[in-house]
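Structure assessment
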Amino acid sequence: MSPRALRFIEIEQEMPGKRDASQRARDFDEIYSEYAEAKAVEQASRCSQCGVPFCQIHCPLSNNIPDWLLMTAEGRLEEAYEISSATNNMPEICGRICPQDRLCEGNCVIEKGFEAVTIGSVEKYITDTAWDKGWVKPLTPAAERGQSVGIIGAGPGGLATAEELRRKGYEVHVYDRYDRVGGLLVYGIPNFKLEKHIVERRAKLLEQGGIVFHKGFEVGRDGTLAELRARHDAVVLATGVYKDRDIPLPGGGLKNIFQAMTFLTASNRTGLGDAVPDFDSGILDAKGKSVVVIGGGDTAMDCVRTAVRQGARSVKCLYRRDRRNMPGSMREVTHAEEEGVEFVWLTAPEAFLGDEAVRAVRSVKIRLGAPDATGRQTPEVVPDSSHEVQADMVIKAFGFDPEDLPALFDEPELGVTRWGTLHIDYRTMMTNLDGVFAAGDIVRGAALVVWAIRDGRDAAVSMHRYLQAKLSGEKEDTDPIAIAS
Ligand code: FAD
Ligand code: SF4
Ligand code: SF4
């Protein structure tokens, strides 16, 4: 065993420096600084190099974590980067925004008693270093295959598929209705978790590798799925999920009640320098307002923390369960608390009150009853607990559902599940339409970036097999010997 391992007994866990909450609440910059090289080396050396690495088992990409930790601990950073990028198309992005406490780090064996190896921060460090040193290069396919694929959606699912297929020599075209590449990486996730230049440099790299992006191209408006199927040898649907879930409540039509994505997209676009009339006029700006965000997931956390940075007078998060039962990452909840967000646990909205614009959310107290079939305690309303929570801006973060793709794409035969996600054969990632594959949130429902990357990689493997079979089939069809025999 290398002397550069197993040092968790003598070295304590240390995350990269986190900016002071009062300072970071004033801007949209990322909150963690980078490790200095010596610190990354030291932290990586805490790994005990497990024979059965639970961190790897619980990483959706099965990243070879112990190996790149060992390389880092030995100062062999270029090799560490080679290993980490072999299984992950965006390691610097996952290192920043994976909920590591629920995935790799939450399953690190030394977590019990010694606190986990800081896997995400080391992964980010390795890849940021690789970018700085010029080790990250545009891909160069060994040969062009002469077949083309069309990918609908330039989020992480579509981009991972695109990179893997381009690497194999396919002509790759990515169609996206947005004006930028990245999907939710750009317009959903706020800058303080993922600065946009990190996504932009990935997009540029893919373009340099020969991937063609058709921005501002909305399938359903600018073309149909049938047209793309005719244009390409195979197609991938990676369109994500964008239909806001809603709970119809009295007063829901009052002014200043918004859906989470409307609020976050306006904030991200403003940060990117775009003109956003509803933000510029103050409608979507939380500055000086009493903001109430309803919901307990990661999207709700992004909304409360964005409202803080916009200069809200107060920010409350209403959630019907308690802290222990929140679906969001605990790390994000802690960040929000540090930044001054007030959590109103065990509280659910009943109605929105106001004349023209909202002035309060009428709410009820909740107690957690017996566990349901999934094991989660069922929320029950406490009788006579109705009360008002003052608000002049309300943001609803109830989650997202898929749009009606068969109707949108004018493809009634496209199979969907009862949740509206695409029905695929998980062995091949193919939908019920021949040569039409799918990846990411549109298959899983709202999930994680790392799962979208995983799906994209799986879809690419399967498409390669499909395209090769198609090519050999076509050859057989036109081969006079094959036809004669
Ligand atoms: P998307 O990223 O949604 O990309 C889909 C793309 O398809 C979009 O660019 C869209 O414009 C395009 N598209 C859709 N319809 C069409 C059409 N008809 N024609 C052309 N293009 C179309 N995950 C994490 O791991 N960590 C986080 O911290 C995190 N934070 C999040 C915060 C928010 C606010 C949200 C909403 C999600 C967050 N997620 C997070 C989840 C993560 O962003 C998604 O799981 C991931 O982006 C899914 O990738 P995707 O490629 O499937 O879809
Ligand atoms: Fe952990 Fe995510 Fe990196 Fe996997 S991709 S090692 S889960 S941070
Ligand atoms: Fe290292 Fe923890 Fe993974 Fe074990 S589980 S290999 S200690 S990072």
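Residues numbered from 1 in each chain as written. Chains lettered and ligands numbered in written order. Predicted model: local features only at pLDDT ≥ 70, side-chain atom pairs only at ≥ 80, totals over all residues. Heavy atoms only, no water.

1. What to know about the pairing of strand 11 (residues 358-371)
Consecutive residues of a regular strand have side chains that alternate between opposite faces of the sheet. The following threshold applies: Two strands are counted as paired when DSSP detects at least two bridges linking them. Secondary structure counts use DSSP, requiring at least four H or I residues in a row for a helix and at least two E residues in a row for a strand, with both numbered from the N terminus.
Direction of pairing for strand 10 (residues 347-354) relative to strand 11: antiparallel, over a ladder of seven bridges. Across the sheet, the residue bridging to A348 is V364, located in strand 11. Pairing of strand 11 with strand 13 (residues 387-390), which is carried by four bridges, proceeds in the antiparallel orientation. Residue pairing for strand 13: V361 is matched across the bridge by V389. Pairing of strand 11 with strand 12 (residues 377-381) involves four bridges; the strand directions are antiparallel. Across the sheet, the residue bridging to I366 is V381, located in strand 12. Counting the residues in the hairpin turn of strand 11 and strand 12 gives five residues, including G375, whose phi is positive at 95°.

2. Some remarks on the pattern of salt bridges
As a reminder, the rule being used: In the sections that follow, a salt bridge refers to a side-chain nitrogen of Lys or Arg positioned within 4 Å of a carboxyl oxygen of Asp or Glu.
Applying the stated criterion across every chain yields a total of 42 salt bridges. Between K470 and D233 there is a salt bridge; the shortest N-O distance is 3.8 Å. A residue pair is termed long-range when its members are at least 10 positions apart, and K470 in helix 19 (residues 449-478) and D233 in the loop between helix 12 (225-231) and strand 4 (234-237) qualify at 237 residues. The partner of E339 in a salt bridge is R305, with the nearest N and O atoms 3.0 Å apart. Here R305 lies in helix 15 (residues 298-309) and E339 lies in the loop between helix 16 (330-338) and strand 9 (342-344), a separation of 34 residues in the sequence.

3. Brief notes about the site of ligand 3
Keep this limit in mind: Whether a residue is near a molecule or strand depends on its heavy atoms: if one lies within 4 Å, it is near. Each residue gets one label: Ala, Val, Leu, Ile, Met, Phe, Trp, Tyr, Cys and Pro are nonpolar, Asp, Glu, Lys and Arg are charged, and the others, such as Gly, are polar.
Taken together, C47, S48, C50, P53, C55, P66, L69, C108, V109, V117 and I119 make up all the residues around ligand 3. Looking at the shell around ligand 3 residue by residue, the class counts come to ten nonpolar, one polar and no charged.

4. Structural notes on the domain arrangement of the protein
Stated precisely, the cut-off is as follows: By convention here, the domain bounds are inherited from an automatic or database domain assignment. By definition in these notes, contact holds between two residues if any of their heavy atoms fall within 4.5 Å. A 1.4 Å probe defines the accessible area here, and the buried area is the portion of it lost by two parts on being joined, summed over both. Pairing of N or O atoms within 3.5 Å defines a polar contact, subject to two protein rules: one partner must be a possible hydrogen donor and the other a possible acceptor, and residues neighboring in sequence count only if both atoms are side-chain atoms.
The domain architecture assigned to the protein consists of domain 1 (21-133), domain 2 (148-241 + 402-484) and domain 3 (247-399). Between the C-alpha centres of domain 1 and domain 2 there is a distance of 28 Å. Opposite the 24 residues of domain 1 that make contact, domain 2 presents 24 residues. Interface of domain 1 and domain 2: buried area, both sides summed, is about 2200 Å²; carbon and sulfur atoms make up 66% of it. Ranking the residues of domain 1 by area buried against domain 2 places P60, N89 and W131 at the top, with a combined share of 31%. Here domain 1 is connected to domain 2 by two salt bridges. Between D128 and R201 there is a salt bridge, with its nearest N and O atoms 3.1 Å apart. In this assembly, domain 1 and domain 2 are joined by twelve residue pairs in polar contact (both at pLDDT 80 or more).

5. Here we look at the side chain of S84
How we decide: To sort residues, take the accessible area from a 1.4 Å probe on protein chains only and compare it with the maximum for the residue type: under 20% means buried, over 50% means exposed, and anything in between is partly exposed.
Of note, S84 is situated in helix 5 (residues 77-87). Classification of S84 by relative accessible area gives buried; the value is 0%.

6. Overview of the nonpolar core
Spelled out, the test is: The term nonpolar core refers to a set of buried residues drawn from Ala, Val, Leu, Ile, Met, Phe, Trp, Tyr and Cys, joined through side-chain atoms within 4.5 Å.
In terms of nonpolar packing, the biggest core is built from 96 residues, with I93, V172, L185 and L237 touching the most fellow members. Of all the elements, helix 19 adds the most residues to this core, at eight residues. For this core, the two domains that each supply at least three residues are domain 1 (21-133) and domain 2 (148-241 + 402-484). L264, V293, A300 and A312 belong to the second-largest nonpolar core, a separate cluster that totals 30 residues.

7. Re a nonpolar patch on the surface
For the record, the criterion: Only residues whose relative accessible area exceeds 30% and that take part in no salt bridge are eligible for patches, with like-charged residues grouped when within 9 Å of each other and nonpolar side chains (Val, Leu, Ile, Met, Phe, Trp, Tyr) grouped when within 5 Å. Accessible surface is estimated by sampling points in the Shrake-Rupley manner with a 1.4 Å probe; for residues, cover comes only from the protein chains shown.
A contiguous nonpolar patch, built from V52, F54, I57 and V109 and spanning about 350 Å² of accessible area, is present on the exposed surface. The residue F54 is located in helix 3 (residues 54-57) in this model. By relative accessible area, which is 39% here, F54 ends up partly exposed.

8. As for helix 11 (residues 196-208)
So the rule is basically this: Expected helix span is taken as 1.5 Å per residue step, with the number of steps being one fewer than the number of residues.
For helix 11, which comprises 13 residues, the first-to-last C-alpha distance of 18 Å matches the rise-based estimate of 18 Å (1.5 Å per residue) to within 8%. Of all the positions in helix 11, only K196, I198, V199, R202, A203, L205 and L206 are classed as buried. Looking at the buried positions of helix 11, the neighbouring elements they touch are helix 6 (91-97), helix 8 (119-133), helix 9 (156-167), helix 10 (184-187), strand 3 (212-215) and helix 13 (260-271). At the C-terminal side of helix 11, G210 shows a positive phi close to 100°.

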